[in-house]
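If you want the building blocks of each chain, they are given just below.
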Amino acid sequence: MIDTAGYGKALFELAAENGSDAQVREELETIRAALRAQPDYVTLLDTPAVATEEKLRLLREAFGAADPTVLNFLSILCEKRALYRFSACADAYDACYDEAHNILRATAITAVPMEERQMNALKEKLSGITGKTVLLTNRIDETLIGGITLRYGGVQLDDSIRSRLDKLRRSLSETIV
């Protein structure tokens, strides 16, 4: 099995050295979406039943317009029969990119969609706390009932109604009457 973190970091370092790290990031996202939409294609390119030369030809045919660094990266994964690990490598690339560009990805989980002004206020607050540019996404989970759960940089802050009710339930069950 390949070291996806190491591969992603190596790809980032090479792209940054070439000044193409932003372009490579966009291409990785496009390729990730394409491979996610066609999982049988990944299986085909990872199978030992197809000759490596044929798999590389198929890769060039599908992604030949990509940055040469990206195409070479895909070829290496294909040769190692590890194309199924592409998404994990792209995640590692994203982490390196975010760190180099002072970006923090955060997810706000709410029971109903957040309004734009709420999203902007939360991004501004997080940016002030962390000193980073915040990319905020809003995920809906109706089971929260209300409130918000915020996840960023390995931190989870849970101020949802569901969480408060769970704490109250535990507290009441531990109370001796």
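Coordinates for the structure precede this section.
Residues numbered from 1 in each chain as written. Predicted model: local features only at pLDDT ≥ 70, side-chain atom pairs only at ≥ 80, totals over all residues. Heavy atoms only, no water.

## Describing the environment of N102
1) Next: Structurally, N102 is set in the loop between helix 6 (86-100) and strand 1 (103-110).
2) Next: Overall, the relative accessible area of 34% leaves N102 in the partly exposed class.
3) Next: Once the C-alpha coordinates of N102 and K55 are considered, the two residues, 47 residues apart in sequence, prove to be 37 Å apart.
4) Next: The contacts of N102, once residues within four sequence positions are left out, are G131, K132 and T133. (Helix = DSSP H or I, 4+ residues; strand = E, 2+ residues; numbered from the N terminus. Buried < 20%, exposed > 50% of the residue type's maximum accessible area, 1.4 Å probe, protein only. Contact = heavy atoms within 4.5 Å.)

## Remarks on the pairing of strand 1
1) Next: Burial of strand 1 is extensive: six of the eight residues sit out of reach of the surface.
2) Next: Pairing geometry for strand 1 and strand 2 (residues 133-140), over eight bridges, is parallel. What sits directly across from T107, in strand 2, is T137.
3) Next: At this point the chain moves from strand 1, through helix 7 (residues 116-130), to the parallel strand 2, and the crossover so formed is right-handed. (Pairing = 2+ DSSP bridges. Right-handed = clockwise from strand over helix to strand, strands pointing away.)

## Notes on helix 7
1) Next: Taking 1.5 Å of rise per residue, the 15 residues of helix 7 would be expected to cover 21 Å, and the 21 Å separating its terminal C-alpha atoms lies within 8% of that figure.
2) Next: Listing the buried residues of helix 7 in full gives M119, L122 and L126. The buried residues of helix 7 occupy an angular sector of 70 degrees when projected down its axis, which confines them to one face. Residues of helix 7 that are exposed and point over 90 degrees away from its buried face: E116, R117, E124, K125 and G128.
3) Next: Residues of helix 7 that are buried sit in contact with strand 1, strand 2 and strand 3 (147-152).
4) Next: Two residues or fewer after helix 7 comes G131, characterised by a positive phi angle close to 75 degrees. (Expected span 1.5 Å × (residues − 1). Arc of directions from axis to C-beta.)

## A look at the packing of helix 1 (residues 4-18) against helix 5 (residues 68-79)
1) Next: Their axes nearest at 11 Å, the elements helix 1 and helix 5 cross at an angle of 160 degrees. Comparing their axes, helix 5 and helix 1 come out roughly antiparallel. Note on packing geometry: the crossing formed by helix 1 with helix 5 is right-handed. Across the interface between the two elements, Y7, L11, L14 and N18 of helix 1 pack against T69, F73, I76 and L77 of helix 5. (Axes fitted to C-alpha atoms, helices over the stretch in contact; angles between N-to-C directions. Parallel < 35°, antiparallel > 145°, perpendicular 65-115°, else oblique. Left-handed = near helix turned anticlockwise from the far one by under 90°.)

## Things to note about the sheet that holds strand 4 (residues 155-160)
1) Next: Sheet architecture is open: four strands sit in the order 2-1-3-4, paired in mixed fashion. Every other strand in the sheet has two partners, leaving strand 2 and strand 4 as the edge strands with one partner each. Taking the axes of each pair of neighbouring strands and ignoring which way they run, one obtains an average angle of 15 degrees across the sheet.
2) Next: In this structure, strand 1 lies alongside strand 3, joined through five bridges in antiparallel fashion. Within strand 3, the residue paired with I109 across the bridge is T149.

## Brief notes about the pairing of strand 3
Consecutive side chains along a regular strand alternate between the two faces of the sheet.
1) Next: The sheet contact formed by strand 3 and strand 4 spans six bridges and is antiparallel. If you follow Y152 over to strand 4, its bridge partner there is V155.
2) Next: Between strand 3 and strand 4, which follow one another and run antiparallel, lie two residues, and G153 among them has a positive phi close to 50 degrees.

Read these as layout, nothing more, since geometry by itself doesn't imply function.
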